[in-house]
Amino acid sequence: MAIHENLLGGPAPTHLPDDPEPRAALAAGTDPAEVAAKYPASSLAWARLADDAFEAGRPVESYAYARTGYHRGLDALRRAGWKGHGPVPWEHEPNRGFLRALHGLARAAQAIGEQEEYERCTTFLRDSSPTAADTLG
């Protein structure tokens, strides 16, 4: 048996590569729009834009930002070997941008009455990372 074999029978967790520049820029207080413009592949920047728009009462704008972050995250997951299912652990910090965008998409979908999308995204988040689902609410 190989040492790296998953004994539970499911796919191995996907860990996105680290992308510290956008995370550092956001932590330093740089406007998320500037970060997204400079690092358009950063799910974290798009998730922050989605959060800001949602908190400001702009759910349609939040939905659009979250969907962009979600799709950028799916692209990154696929490049990292993800096959469409399996764990995307919250505990691995580079995964958090994708998970936050997925949460933001669910939240905004619910706010605009898109129940099917809300349910799909909520289930996807919980299946990907129960910790993220619990942490993000």
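Our subject is the structure listed above.
Within each chain, residues carry numbers counting from 1 in the order of the written sequence. Reporting of local features is limited, given that this is a predicted model, to residues whose pLDDT is at least 70; pairs of side-chain atoms are given and counted only at 80 or more, and all residues count toward the totals for whole chains, interfaces and linings. Note that water and hydrogens are dropped before the side-chain values are worked out from all heavy atoms of the structure.

*Asks:* Looking at this structure, I do not really get the side chain of serine 128. What am I missing?
*Replies:* Each helix corresponds to a stretch of at least 4 residues labelled H or I by DSSP, and each strand to a stretch of at least 2 residues labelled E; elements are numbered beginning at the N terminus. Within the element layout of this structure, serine 128 appears in helix H6 (residues 115–128). One polar contact links the side chain of serine 128 to the main-chain carbonyl oxygen of phenylalanine 124, over a distance of 2.8 Å. The term polar contact refers here to a pair of N or O atoms within 3.5 Å; inside protein, the definition further demands a hydrogen-donor-capable atom paired with an acceptor-capable atom, and it admits residues adjacent in sequence only when both atoms are side-chain atoms.

*Asks:* What is the right way to look at the layout of surface pockets in this model?
*Replies:* Regions of empty space are outlined by a rolling probe, equal in size to a water molecule, passed over the atoms. Here a cavity denotes a set of grid points, spaced 1 Å apart and computed over the protein atoms alone, in which a 1.4 Å probe fits but from which it cannot get out, and a pocket denotes an open set meeting protein on both sides within 12 Å along at least five of seven lines; residues with an atom within 4 Å of a point are reported as lining. Grid points are joined across faces, edges and corners, and a volume is the space filled by probe spheres set on the points. Roughly 440 Å³ of volume is contained in the largest pocket. If you trace the largest pocket, you find 24 residues lining it, with Asp19, Ser42, Leu44, Pro94 and Gly97 closest to the centre. Those elements that place two or more of their residues in the lining of the largest pocket are helix H1 (20–27), helix H3 (43–55), helix H4 (59–79) and helix H5 (96–111). Grouping the amino acids of the lining of the largest pocket by side-chain chemistry returns 11 nonpolar, 4 polar and 9 charged. There is about 150 Å³ of room inside the second largest pocket. In terms of lining residues, the second largest pocket is bounded by His103, Ala106, Arg107, Gln110, Tyr118, Thr122, Leu125, Arg126, Ala133 and Gly137. Elements that contribute at least two residues to the lining of the second largest pocket include exactly H5 and H6. Residues are grouped as follows: nonpolar covers Ala, Val, Leu, Ile, Met, Phe, Trp, Tyr, Cys and Pro; charged covers Asp, Glu, Lys and Arg; every other residue, Gly included, is treated as polar. Here the residues of the lining of the second largest pocket sort into 4 nonpolar, 4 polar and 2 charged.

*Asks:* Honestly, the environment of aspartate 127 in this entry has me stumped. Any pointers?
*Replies:* Examined against the element boundaries, aspartate 127 turns out to sit in helix H6. For the exposure calls, accessible area comes from a 1.4 Å probe over protein chains only, and a residue counts as buried if that area is under 20% of its type's maximum, exposed if over 50%, partly exposed in between. For aspartate 127, a relative accessible area of 57% translates into the label exposed.

*Asks:* Got a minute to help me understand the nonpolar core in this structure?
*Replies:* Side chains of nonpolar character tend, in soluble globular proteins, to be buried together. Buried residues of nine kinds, namely Ala, Val, Leu, Ile, Met, Phe, Trp, Tyr and Cys, make up a nonpolar core once their side-chain atoms join them within 4.5 Å. Core analysis: the biggest nonpolar cluster contains 23 residues, and Tyr70, Leu74, Leu77, Phe98, Leu99, Leu102 and Phe124 have the highest contact counts within it. When residues of this core are traced back to their parent elements, those giving at least two are H4, H5, H6 and helix H7 (130–136). Contact between two residues is taken to exist if any of their heavy atoms lie within 4.5 Å; hydrogens are not considered. Non-local contacts of leucine 77, meaning those with residues more than four positions away in its chain, are made with Thr14, Leu16, Trp82, Val88 and Phe98. Formed by 8 residues, the second largest nonpolar core is a distinct cluster that contains Ala25, Leu26, Leu44 and Leu49.

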